[in-house]
Amino acid sequence: LYQNLSLQAKKAVLDSMCSLTQMEVQQLLSVATKVGKGDMMQQLSVVLIPSASQPPSDALSLLLAPFSQSSMLTQARDAYAGTLSVLMRACSGLKAGRNAASPLLARIAFQDDLVHRLWEVASTKAPLVSSIPLQPSSVSSTNAHSEMASACEAVVVLCDVFSHTLLTLQDSQFLEYYANGEITKASSSRIVASELVLTLKYILSDLYWDRPVLATDISAHASVQKSCPETEVRFQRARLLLSGTKLWNALYERWCRLFRSGQFCSEESWWFPRLASRGQHDNNPIIHSQTTTVGQDDNEDDMDESSIASVAMDEEEDVARAASSATANDAGSDALASSFRDPKMARVLTCIPQALNFDRRVHLFQSLLESDKARTQDEAAAFQQMMMNEEGGFSARERVTIRRDALYTDSLNSLNPLGKRLRKKVQVTFVNKHGMEEAGIDGGGVQKEFFDELIKDAFLPREVKEEEEGDAAIEQHPDFFVETPLQTLQVNAALDGSNDLLRNYEFLGRVLAKAMYEGILVDPQFCLPFLNKLLGKQNSLDDLCNLDPEYYRNLKSLRYMNANEIRELGLTFETTSQGSKIVELISGGSTTNVTKENVIQYIHLVSHQRMNVSVSRQTAAFLRGFRDVIPAPWVRLFSAYEFQKLISGDDAVKGIDVRGMMSVMRYSGGFHPSQPIIHWLWEVVDEMDPTQQRKFLKFMTSCSRQPLLGFASLVPAPCIQQTRLREDNTGNDISEESSFGNIRLPTSSTCMNLLKLPKYTSKEMLREKLIYAIESAAGFELS
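Residues numbered from 1 in each chain as written. Predicted model: local features only at pLDDT ≥ 70, side-chain atom pairs only at ≥ 80, totals over all residues. Heavy atoms only, no water.

Describe in detail the overall build of the protein chain, supporting the description with residues and values.
From N to C terminus, the protein chain includes 31 helices and 13 strands. The buried share among the 783 residues of the protein chain stands at 49%. Surface summary for the protein chain: the accessible area is close to 36800 Å², and the carbon and sulfur share equals 52%. (Helix = DSSP H or I, 4+ residues; strand = E, 2+ residues; numbered from the N terminus. Buried < 20%, exposed > 50% of the residue type's maximum accessible area, 1.4 Å probe, protein only. Areas by Shrake-Rupley, 256 points an atom, 1.4 Å probe, with all protein chains shown as cover.)

Right, here's the structure in full:
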């Protein structure tokens, strides 16, 4: 929409200039310059929206004295907002960063008093957007359409302007200026972020869900607006949908970044009223599996290998690249949207997924996975294909044999060549350190343990693994990830970017995606900048705080130094990358000194190099592997923190939720929840430390982390089965009354989430045997 409007405006200007004299062209250019650079609108704002720091001149005050009455001043401000709305049609876009160089937006967006007044007008008119009927009675039709169009214009202007304001605001400044209702000394703005979020939520809820904007509304152009008020309303609602989405997503992105340090509104503030709880849209929401990968290899990392200070491209080239990237992104989003039965739900999920609570999005994500697995893991269809084509094979699963003492090497050689075929079932056979195949038969439990162990071995740095397992258990391979000061994982920038190394990162991407694809929660906790890259997002300066807080503070402190302090540091536009390699941030950076005038540019270039450029090749390889298994649009349903929860579960839960597990547990073989031994069992589990609780869960289910949606989501449901207490030397049962024979250890069938518990005669005996079993780490030898 915005690109078409911009092109139409340019064409209209060129057509009109063909019939003008040279003097008229000069006059037109003079007016266009004043308007386009924001001079005229800034001068009008001084009069219509005066501030104590910049009052209007005496001449202007005298000239506009007749308009000082409140009603006329209100009309004048409304007209001002309408004029700004018209001007911004040709200089606004779906992303604020695309218009960072707009002189008009730059002149308007950084005047606190003006932004405040625009919010005042917009917040007053916002209720009209959703309260006025789209088809009012014929008597009031014209006035109603006019009021709604004016209301939409006022909110559109605020969204476009404030989105631009946010571009330069650091998180600390944003919290200081807008996180509460008090007017701080640092800012005269009265915008309260929480109120703005709620205002936009109710507007967007109307535009997306209650009275959704149609595709035909977006094609309504200005050429028919004057003669058709209804078309104008449709057009303005379409603009508001785009501009409102832009600002709401910008606020949500900042909220996610501040999730653990300074939330400015509650999580519920983002949920649409009609979508806050599960409804009919959650029942069989998927039409069919989208197997296409269109849009997955989109150009999200365009900036990774280039400096943000590079010379601007030609306009046609820039537009072409933006259009190409947008087309790829749109194709991926369209593939996701076409998977859902409800078109309104599809639009919400592809544009503003935060409008649904996290649990509902997890259910929908799992529906996408189950739909895809119905195709890729359909053994009946594979068997039928084999019968029809003798050259084919039984291809619904891949069988691999893995030596435990060569876990990573065997896995890399066996699984990495599969590529997209890794979506199939993987049947694993373990070989122990003595060269013997383990007795466990993979009905799903062996696969879960395999990926759990493989991901620990591949992702955790050597120091961490040595603390947990000892050096003997560690296979020799490079540390592909290293710990940050926050004890999260980031790509190891010290490794070279050779093709052989990139092959390993592709493999790691496939392995992590496969674990998510099978619903296996794993241990690694990644840093937020890396998670942002997995979601296709570009990291900004404030994201550096979630990678290295001390480095972030030191880098940001340069902004507040005076010229002499900066000069004494002797900094130039270069930085250290990948160990000891020196990288120039701009052309000739080694000879360009950092000064007070260019220090902000230096700060942003350093953070960009650190988070987006230095490990871009490794990250891109990881993404290629990941998207072989899970398409990119599917994971964009989540924020970075939510994505981490998809990977490893809710880290706020220490150990396991014992009460939750008790509530869904089933019993067989003669056990009943009222029996003393069952009471002893739960008391023992409750008294375990968090590490032991996770080992118990792994012993029973092959996964050390509890399901993301609770134990009720385990399939099959967990069960405790009674077995004989004693056995003879050959493993045969001995009667319960006998006092001879060996006392059995607990065992399990992890593919069935089944704990086989002997009928112990005391709580202490149960505790001793259970802890011995879960601590033994005997693989499937006990089966």
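Explain helix 31 (residues 763-775) to me, and be specific about the residues and the numbers.
Relative to the 18 Å expected for 13 residues at 1.5 Å per residue, helix 31 spans 18 Å between its end C-alpha atoms, a close match to the ideal helical length. Considered for burial, the residues of helix 31 that qualify are Met765, Leu766, Lys769, Leu770, Ala773 and Ile774. Along the axis of helix 31, the buried residues cluster in a sector spanning 145°; they form a single face. Helix 31 presents Glu764, Glu768 and Tyr772 as exposed residues on the side facing more than 90 degrees away from its buried surface. (Expected span 1.5 Å × (residues − 1). Arc of directions from axis to C-beta.)

Outline the environment of Val400, supporting the account with residue identities and numerical values.
Along the chain, Val400 turns up in strand 1 (residues 397-403). Sequence separation of Val400 and Ser414 is 14 residues, and the distance between their C-alpha atoms is 6.6 Å.

Tell me about the environment of Met611, and name the residues and values.
Considering the arrangement of structural elements, one finds Met611 in helix 24 (residues 599-613). Accessibility expressed as a relative area gives 6% for Met611, which makes it buried. When the C-alpha atoms of Met611 and Leu547 are compared, they prove to be 8.4 Å apart, with 64 residues separating the residues in sequence. Sequence-distant contacts of Met611, defined by excluding residues within four places in its chain, comprise Pro529, Asn539, Ser540, Leu541, Asp543, Leu544 and Leu547. (Contact = heavy atoms within 4.5 Å.)

I'd like a rundown of the sheet that holds strand 7 (residues 666-668), residues and numbers included.
Strand order in the open sheet formed by 4 strands is 7-8-13-12, and the pairing between neighbours is mixed. Looking at the sheet topology across the chains shown, the edges are occupied by strand 7 and strand 12 (747-749). For this sheet the average axis-to-axis angle between neighbouring strands, irrespective of direction, equals 25°. Pairing analysis gives 3 bridges linking strand 7 to strand 8 (residues 719-723), with the strands arranged parallel. (Pairing = 2+ DSSP bridges. Axes fitted to C-alpha atoms, helices over the stretch in contact; angles between N-to-C directions.)

An account of the packing of helix 15 (residues 358-376) against helix 27 (residues 640-648) is needed here, citing residue identities and associated values.
Running from N to C, helix 15 and helix 27 cross one another at 55°; their axes reach a closest spacing of 12 Å. Between helix 15 and helix 27, the crossing angle belongs to the class labelled oblique. Considering how the two elements wind past one another, helix 15 and helix 27 form a crossing that is right-handed. Only Glu642, Lys645 and Leu646 of helix 27 make contact with helix 15, whose side of the interface consists of Phe358, Arg361, Val362 and Phe365. Residue composition of the contact of helix 15 with helix 27, by class: 4 nonpolar, no polar and 3 charged. (Parallel < 35°, antiparallel > 145°, perpendicular 65-115°, else oblique. Left-handed = near helix turned anticlockwise from the far one by under 90°. Nonpolar A, V, L, I, M, F, W, Y, C, P; charged D, E, K, R; others polar.)

For the pairing of strand 2 (residues 425-431), give the residues involved together with the corresponding values.
One ladder, built from 7 bridges, connects strand 1 with strand 2; its direction is parallel. Note on strand 2: the bridge partner recorded for Val400 is Val428.

Please give an account of empty space enclosed by the protein that cites residues and values.
The tally for this structure, following the rule as stated, stands at 4 cavities of 30 Å³ or more. Counted as a void, the largest cavity has a volume near 130 Å³. Taken together, Glu253, Cys256, Arg257, Leu528, Asn532, Lys537, Gln538, Asp543, Ser639, Ala640 and Tyr641 make up the full set of residues lining the largest cavity. Residue contributions to the lining of the largest cavity peak at 3 residues, all from helix 12 (residues 229-257). Split by residue class, the lining of the largest cavity holds 4 nonpolar, 3 polar and 4 charged. (1 Å grid on protein atoms, 1.4 Å probe; cavity = no way out; pocket = protein on both sides within 12 Å on 5 of 7 lines; lining within 4 Å. Points joined across faces, edges and corners; volume = space filled by probe spheres on them.)

With reference to specific residues and values, describe the confidence of the model for the protein chain.
With 77% of its residues at a pLDDT of 70 or more, the protein chain has an overall mean of 80. Segment residues 182-189: pLDDT under 50, and 13 contacts once partners within four positions in sequence are set aside and those in other chains are kept. Throughout residues 289-327 the model reports pLDDT below 50, and contacts reaching past four residues in sequence, or to other chains, amount to 60 contacts. (pLDDT = per-residue confidence, 0-100.)

Which residues make up unusual backbone geometry, and what values go with them?
Note the cis peptide between Val715 and Pro716, where omega equals -5°. Counting through the fold element by element, Pro716 comes out in the loop between helix 30 (690-701) and strand 8. Positive phi, close to 65°, is recorded for Gln487, a residue that is not glycine. Take Gln487: it is sitting in the loop between strand 3 (481-483) and strand 4 (489-491). According to the relative accessible area criterion, Gln487 is exposed, its value standing at 60%. Even without being a glycine, Asn753 presents a positive backbone phi close to 55°. Along the chain, Asn753 falls in the loop between strand 12 and strand 13 (754-758). Given a relative accessible area of 1%, Asn753 falls into the buried group.

Can you explain the pattern of salt bridges? Please cite residues and give values.
Tallied over the entire structure, the rule returns 34 salt bridges. Of the charged contacts, one joins Arg421 and Glu398 as a salt bridge, the two residues approaching to 3.3 Å between their closest N and O atoms. In this pair, Arg421 sits in the loop between helix 17 (407-415) and strand 2 while Glu398 sits in strand 1, placing the two residues 23 residues apart along the sequence. Accessibility expressed as a relative area gives 16% for Glu398, which makes it buried. Residue Asp548 pairs with Arg610 through a salt bridge whose shortest N-O separation is 3.5 Å. (Salt bridge = Lys/Arg side-chain N within 4 Å of Asp/Glu carboxyl O.)

Summarise the packing of aromatic side chains; cite the residues concerned and give the values.
For any two aromatic rings, the description comes down to two numbers: the centre-to-centre distance and the angle of the planes. Using the criterion set out here, one finds 29 aromatic pairs in the structure. Judged by centre distance (6.2 Å) and plane angle (80°), the rings of Phe459 and Phe622 are edge-to-face. Residue Phe459 is located in helix 18 (residues 445-459), and its partner Phe622 is located in helix 25 (residues 616-629); the two are separated by 163 residues in the primary sequence. Here the two residues Phe459 and Phe622 agree in accessibility, since each one is buried. Aromatic rings pair up to connect Tyr408, Phe459, Phe480, Phe481, Tyr505, Phe507, Phe526, Phe530 and Phe622 into one cluster. The positively charged end of Lys373 is found above the aromatic ring belonging to Tyr517, 5.7 Å away from the centroid. (Phe/Tyr/Trp six-rings, centres within 6.5 Å; stacked < 30°, edge-to-face > 60°. Lys NZ or Arg CZ within 6 Å of the ring centre and 35° of its normal.)

Explain the packing of helix 10 (residues 193-210) against helix 14 (residues 343-351) to me, using residue names and the numbers behind them.
Close contact between helix 10 and helix 14 brings their axes to 9 Å; oriented N to C, the two are set at 135°. Accordingly, the angle class assigned to the pair helix 10 and helix 14 is oblique. On the side of helix 10, the interface is formed by Leu207, Tyr208 and Trp209, while helix 14 contributes Lys344, Met345, Arg347, Val348 and Cys351. Along the lines of polarity and charge, the residues of the contact of helix 10 with helix 14 split into 6 nonpolar, no polar and 2 charged.

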